Amino acid sequence: MLATCMTDCFTPRRKWRQAYHFSSSQPISSTKKIQSPLRLPSMLANKDPLFLTGVTLPSEYPDSQHLLVKLTVYDAKHKSQESSSFLGSATFSIGDLLRAKDGRLTLSLRSSDGVCTAGTVAVSHLKMGEMEEADHIATDTSSQKSPLVCEPADQSYIDREDYALTGPVFRNPICKVYRFQTADSKWMLVREQMEECTLSFTIPRQLLSLYIQEDKSRLQDLEDLGELSPHWDNLRKEVVTRYRGIISSYQDTLAEVQKITGSFKPSCCKAQKSLEFIPINLHTQRMRVTCPRKTDALYDIITVGAPAAHFHGFKCGGLQRLLSRYEGEKKSFSTAYQCIYYSPQHTAKAQEVLSTVSLLQPLITSLADQLLQAALEHSSHGLKDALKSLSDKTEQFVHTLKDELVKSALLALHAARPGYVSKSQKQTPVLCHQQGQGGDQNHSPVQGLPGHSPTTPVPESPVVCNNVKGGDSGSLKHQDSIPHHKEYDEEEWDRVWANVAKCLNCVIAKVDKLLEGDNSKQEPAPEQRLADVTTSHNPGDWREQLSPLVSRLKECVLEVVEKAKRAMTFVLLQEAACSIPQGFHLQQRRDVVFSQALAALACGFVMRLYAGLQDKDFLRQLHLVGLVAQFESLLSTYSEEIGMLEDMEVGISDLQKVVFKITEAKTDDLSELQPSVCGRRDHFTVEVPLPQVIFQTLPEEIKEGKPLRVFPVLFNVGINEQQTIAERFGDISLQERINQKNFEILEAYYKTLREKVPLECLPCFQTQADIKELLETLGQNVVTKKRKNVEILWIAGTICRRLNGIRFTSCKSAKDRTSMSVTLEQCALLRDEHQLSKDFFVRALDCMRSRLSQGDIGHWEDPEAGAVTENKPASRHFYPIALLLVSSHLLVVWLILSLVFLLAKYQ
């Protein structure tokens, strides 16, 4: 079947804007007629132009030499007008083209009546990947004749193998093929493919379900706290009401998202509440380059709108600013609500304990059952393996709970029970003063709580009786609200979790004894053989001897889990009570931003994984160190985009709590290859299933389910007119801080990579700049005070590609600024890595940036809105500043006019 069709149209000596209309059909004798138009973009040339335009027939077209192709040529004088002039048409068959000499067929364009000749068209065929020398086309770079790039129709060429492999994840490919001249007069073939990603909706759906499940579990944990004093019970009721509101809101959002069948969210819907969890304009950009005497090269970029909570707005800033302000005000909230203030570190520790305990407790139970099963089967090898796994997980369990926060939280929970009376109520001030003079007895248990130093004495707290409501108990100090209670045994918790370790030691000792006895029976002494015959051992004895010890271990683990869950839930209750309602609003905003960021990251990881399945060095780096994910942001530090950048900073940082796992798909059905998400807010795991045949080729560490880490970094450089205002009259410290912070993360990742993976395993490029030198240059640019220093983005992108990383490019909506950045980067790669001719650079850049639609001639298509609009230049109200510097009065007038235009635009 025809792979590529090159058409050369020579026209009279004036400026022509021509468009080609292809349609194909079977001969009349065929039983089924196929007629499908393939419209190609128009191209503007000089006085004596040479048009080079290509088309690939889709796979659904029959592979027949009798297939007829009709070429219709129009004169589109103005792109913004609907009118166009018919020049002529020509018809040929695939067989005629294949039999033509040198694969080139010259046709005459006939007018509508079929009599007059309007010119000639030369049609040739080119096999995909076939490199042709430049001398078969008359090329004179110094003359007016200018061979333009080859640009076939959208959806013209699809790599069927790649599409079959990534079908459930990527869809609706739009492909363009170009042919550029290299510096040595050769020709390179460039295929640019853009696809939508189904993860734009599947990942947020799964996250919403996990959020709802986690919040429902939190509600159950709050109920399991049992009876509390009136003050704490009122706080619990208020927190429960807030959680139920969030659950109801998320359920409504999930119901709306499940109704949508699309693949991406256009920017016109960015402030729509029902779509707030969906990333904006998430697309993949893949450029494949085929050059003479060189292997094909792939360059992937994921484009997405900046993860931000557009529905919530940016009047008060973004997440970074709101969280900083919230942490500063939370202490005063804790005083007002009579709660204990817990720092963010202690709150995160409480969530970590809950998450770890929830994961380890069922795992320990399962391993204990495996141990009993191995004992029943009298399998020494199985017994050893099960015991080793059980010991490792139980030790991890004990280590997690051996924390002072759990102990102090249990004491605080005990003090919150009804009928509790503080120690100061039972002692006279004289006695308290005498105890304060003592040795170790002057340390209240509150000193182990957050906000207290172990060596700082605690002042006496007022009398608190939990029989009355909190409002009647007098004013409480937020850090001193947990008094002594002599009836509470402070060592009880130490004994409880220590019992787990003791039970495990008993199990280990019993297993060792059984194995030792089994080994001695395999080689009995002569005098013992007669006794062994008379006292043969029953295989079931192993299970009978281990069962009581294992049951006791399970009981101790369950007891510890119940106490630890109640203690950590009480910590989170106080944190939630102190943050009403601002904390819940911030949590919702953070959920929204994280959902958008995770969908983009999952898309990039899947794309990078599929591209590197045959690269052993890449797979080795993947499981030994992990991948770097570099987010390139083009947001300005002005107006509402400051809030977007603050949201994006927190969302990208939260991706550090995400790991990936590669799993084996149950079947080879493409529907089984959809990634899935599990976990809770403090830790998520994305499982990526692969077909069975491919999964078996992976390294053993990956097949065993080793978590694969991703190191997200964010670099931002504003490039638009608003950034000019910010740099002259505003503040860009946010951008400087983000770049400096993430440079340190990138530098630390490289040091780790260099220690574990030989640098020879990294990909090679024509620009053989050392990564260490690139990092030094990047560090210098980060601290340099330079306006719109795009070198930061260029160098960071180069380092990411050298490190096998994942590239992301973002702006407000992933349209104008993003497309300009991506196309410029692609052309720069062709120039630096594939010797693109300097004369072709600008023309290649213009061709990649062309946006002529496949619809009616003279129209332009907005690819995200799905509507046809006129190609009008964007309105510009920021006039050249150089002219305004003549007078300070003009500068003031310019600022006022610009502000008026901006307000009118956003209103």
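Residues numbered from 1 in each chain as written. Predicted model: local features only at pLDDT ≥ 70, side-chain atom pairs only at ≥ 80, totals over all residues. Heavy atoms only, no water.

The subject of this paragraph is the overall build of the protein. Of regular secondary structure, the protein possesses 26 helices and 20 strands. Burial status across the protein gives 51% buried among its 907 residues. In the protein, the share of contacts with a sequence separation of at least 24, taken over all contacts with a separation of at least 6, comes to 76%. When the accessible surface of the protein is split by element, carbon and sulfur atoms take 51% of a total near 42100 Å². (Helix = DSSP H or I, 4+ residues; strand = E, 2+ residues; numbered from the N terminus. Buried < 20%, exposed > 50% of the residue type's maximum accessible area, 1.4 Å probe, protein only. Contact = heavy atoms within 4.5 Å. Areas by Shrake-Rupley, 256 points an atom, 1.4 Å probe, with all protein chains shown as cover.)

Here strand β15 (residues 676-680) runs beside strand β16 (residues 683-690); their pairing, made up of five bridges, is antiparallel. Bridging across to β16, Val 677 finds its partner in Val 686. Connecting β15 to the next strand, β16, in antiparallel fashion are two residues. (Pairing = 2+ DSSP bridges.)

Attention now goes to a nonpolar patch on the surface. There is a patch of nonpolar side chains on the surface, built from Ile 719, Val 790 and Trp 794 and spanning about 210 Å² of accessible area. For Ile 719, the location among the structural elements is in the loop between β17 (708-716) and α19 (721-729). (Patch = residues over 30% accessible without salt bridge, like charges linked within 9 Å, V, L, I, M, F, W, Y side chains within 5 Å. Salt bridge = Lys/Arg side-chain N within 4 Å of Asp/Glu carboxyl O.)

Glancing now at the pattern of salt bridges. This structure, assessed with the given rule, holds 27 salt bridges. Notably, a salt bridge pairs Glu 214 with Arg 218, separated by 3.9 Å at the nearest N-O pair. With Glu 214 and Arg 218 both in helix α3 (residues 199-223), this residue pair falls four residues apart, about one helical turn. Judged by relative accessible area, which is 9%, Arg 218 ranks as buried. A salt bridge links Asp 832 to Arg 831; the shortest N-O distance between them is 2.9 Å. On the basis of relative accessible area, Asp 832 is assigned to the partly exposed category, the value being 33%. Three or more residues joined by partner-sharing salt bridges are found here, namely Glu 214, Asp 215, Arg 218, Asp 591 and Arg 681.

A few words on unusual backbone geometry. The backbone of Ser 185 sits at a positive phi, close to 65°, despite the residue not being glycine. Position of Ser 185 relative to the elements: it lies in the loop between β9 (170-181) and β10 (187-197). According to the relative accessible area criterion, Ser 185 is partly exposed, its value standing at 42%. The backbone of Gln 835 sits at a positive phi, close to 55°, despite the residue not being glycine. By relative accessible area, which is 38% here, Gln 835 ends up partly exposed.

Turning our attention to the sheet that holds β9. With mixed pairing, ten strands are arranged side by side in an open sheet as β9-β10-β11-β12-β18-β13-β17-β14-β16-β15. Each edge of the open sheet carries a strand with a single partner, namely β9 and β15. For this sheet, the mean angle separating the axes of adjacent strands, direction not counted, is 25°. In terms of strand pairing, strand β13 (residues 627-633) meets strand β18 (residues 806-810) through five bridges, oriented parallel. By the bridge assignment, Glu 632 is partnered in β18 with Thr 809. Each of β13, β14 (658-664), β17 and β18 touches helix α16 (residues 640-654); the most contacted strand, β17, lies at about 160° to it. (Axes fitted to C-alpha atoms, helices over the stretch in contact; angles between N-to-C directions.)

Predicted coordinates in regions of low pLDDT should not be interpreted in detail. Considering every residue of the protein, the mean pLDDT works out to 75; 70% of them sit at 70 or more. Here strand β20 (residues 867-869) stands out as the least confident element of the protein, with mean pLDDT 32; β17 is the most confident, with 97. Here residues 128-165 is a poorly scored stretch, pLDDT under 50, and it has 117 contacts once near neighbours within four places are set aside; other chains count. Every residue in residues 423-486 scores below 50 in pLDDT, and together they form 107 contacts with partners more than four places removed in sequence or on other chains. (pLDDT = per-residue confidence, 0-100.)

Now for the nonpolar core. Membership of the largest hydrophobic core comes to 140 residues, with the highest contact counts inside it found for Leu 371, Phe 397, Met 568, Phe 605, Phe 660 and Ile 662. Beyond its immediate chain neighbours, meaning those up to four positions away, Leu 371 contacts Leu 383, Ala 386, Leu 387, Leu 390, Val 507, Val 511, Leu 546 and Val 550. If you look at the next biggest cluster of nonpolar residues, it comprises 27 residues, including Phe 711, Val 713, Leu 753 and Ile 795. (Core = buried A, V, L, I, M, F, W, Y, C linked by side-chain atoms within 4.5 Å.)

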